[in-house]
Amino acid sequence: MKLFRLSVLTIVVGAFFVSCATSPPPPPNRGPASGPSDTGSAPVEQLQEVFPGNGRGNSLGTAINSAKIDAVRNSVVYLIGQGPEAANQSLLEDILYRTPNPNQYVYADTMETLRRDNLGTQAAMDMVYEITIRVRMDLVRQILESNGLMGSGQAAQADTSGSLAGNAANTVPEAAEPVATEPVWEGATPEQRQFLNRYLSTMTYLVYFDDESIEDTRLLELAVSQANSFLLGQGYTVIFPDQIEQLRSDAQIVFEDSTGQEQSILQFVAQRLNADVYVEFSATTSGETSGSNHYGQAIIGMNIFETSTGQLLGTIPYTSPRTLSRVSQFDAQSNAIQSSVFQAMPRLVDQTRSSLERQYEMGIRYDLVLQNTSDARLMSQFRQAIRRQVSEIITVSQTPEETRYTLFFFGRTDDLIDIMFGIADRVPGLQNMDLVITRGKSLTFDTGL
């Protein structure tokens, strides 16, 4: 009996060790894998989703949209190959590329700007824009399949079903699930155009002479006074010289400490005084006397700048005819310089307006800085919330300490501040957001994190 029990025990223990030495069956494949499947098919790779895009256009908005479409085009090349993409160019233009709403094919909040240059002038812009952005690969692929364009390329070979997607042309495609698209700016509304027209007609100008000018200060002051008189007559607001001088003397040390000389002191003053445009005036006069006749002539130049960026909007040169005075040579020079300014100012206003109309096609440009941005997911929620309120928002840089955005908005600074506080009240985690400083069209907030 003992011998029988010992035999049974031996069999059980042996079976136990045999089961331990046998490898368990592999788990079922639940997603893309990097190794071969149990059926011996090719390795299944994770689809690429982020693509570069290059765009060019006669405005910032056109160049950005062109870059997004180029990223979608690169995703198509990835899916079906360069040859089939080129061979089906006409069809692809109709079903994908020629769209007024490229944001339906990309995740707009993932766009990263690599290059932004204006190779032309403000009057005739030639914008170049380079980005990387995440493409909605599921949607692009569905469109290609439904039009019989799949069947080659890396993604087709990586189909998780084990069959080439090129067969999709012979089957009825499944109905596409609704895709949540980001709000996209599709052009200014009549109300927005009305706002822009009103804004451009009521801007604040700061006109001042060049610090390095060797011309008689009295003549330069007369020229500035003449320019301000013209602007006031046209309904614009001006910054008077006494305000400029007071801030210049008070802010010299602050300017040097806060900017590191990366901008001119005139731009710094213009930002502090909330001027939309500042004009740097230079002049050279000459005179002569012959008997009781005094003659004068003036050569002037006015450089126009956008205050927030310091971008040159235009240059107005003018040379006066020779003027005559019976009083003095100074009086002749004074008449020459004032008449020159009076003749040049209409051109200055027209060029400023024309340049800013192009630059503000998508709204007034604002620079937005958020301090203490350690929560990247929270910043993503913020971008999605503010995108619904503005024409466009672009992430310039992002670190845990600070995130910088450029945005375009049809509204004044106060309107944008109200929007920011409204978003802070709605987005959990931003309730303690507070305004730190506004300087021109640059706004800095602390998230309170």
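Higher on the page you've got the structure.
Residues numbered from 1 in each chain as written. Predicted model: local features only at pLDDT ≥ 70, side-chain atom pairs only at ≥ 80, totals over all residues. Heavy atoms only, no water.

Draft legend 1. Fine view of helix α10 (residues 265-272). The buried fraction of α10 is high, at seven of eight residues. Listed as buried for α10 are Ile265, Leu266, Gln267, Phe268, Val269, Ala270 and Gln271. Asn274 occupies a position one or two residues after α10 and carries a positive phi of about 60°. (Buried < 20%, exposed > 50% of the residue type's maximum accessible area, 1.4 Å probe, protein only. Helix = DSSP H or I, 4+ residues; strand = E, 2+ residues; numbered from the N terminus.)

Draft legend 2. Molecular detail of the sheet that holds strand β2 (residues 112-118). Spatially, the three strands line up as an open sheet ordered β1-β3-β2, and their pairing is antiparallel. The outermost strands of the open sheet, each flanked by one partner alone, are β1 (50-57) and β2. Between one strand and the next, the sheet's axes are offset by a mean angle of 15°, whatever the strand orientation. Both β2 and strand β3 (residues 127-134) contribute to a ladder of six bridges, which runs antiparallel. Within the sheet, the bridge partner assigned to Glu112 lies in β3 and is Thr132. With respect to the sheet, helix α2 (residues 60-80) is in contact with β1, β2 and β3, its orientation differing from that of β1 by roughly 140°. (Pairing = 2+ DSSP bridges. Axes fitted to C-alpha atoms, helices over the stretch in contact; angles between N-to-C directions. Contact = heavy atoms within 4.5 Å.)

Draft legend 3. Fine view of the packing of α2 against helix α5 (residues 137-146). Closest axis-to-axis distance for the α2/α5 pair is 11 Å, and the angle between their directions is 65°. Considering the relative orientation of α2 and α5, their crossing is right-handed. Here Val72, Ser75, Val76, Tyr78, Leu79 and Ile80 of α2 come into contact with α5, specifically with Met137, Val140, Arg141 and Leu144. By residue class, the composition of the contact of α2 with α5 is eight nonpolar, one polar and one charged. (Left-handed = near helix turned anticlockwise from the far one by under 90°. Nonpolar A, V, L, I, M, F, W, Y, C, P; charged D, E, K, R; others polar.)

Draft legend 4. Focus on the side chain of Thr403. In this structure, Thr403 sits in strand β12 (residues 402-409). For Thr403, a relative accessible area of 0% corresponds to the buried category. Reaching out from Thr403, the side chain makes a polar contact with the side chain of Thr373 at a distance of 2.9 Å. With residues up to four places along the chain from it excluded, the contact list for Thr403 reads Leu368, Val369, Leu370, Thr373, Ser397 and Gln398. (Polar contact = N/O pair within 3.5 Å; in protein donor to acceptor, adjacent residues only side chain to side chain.)

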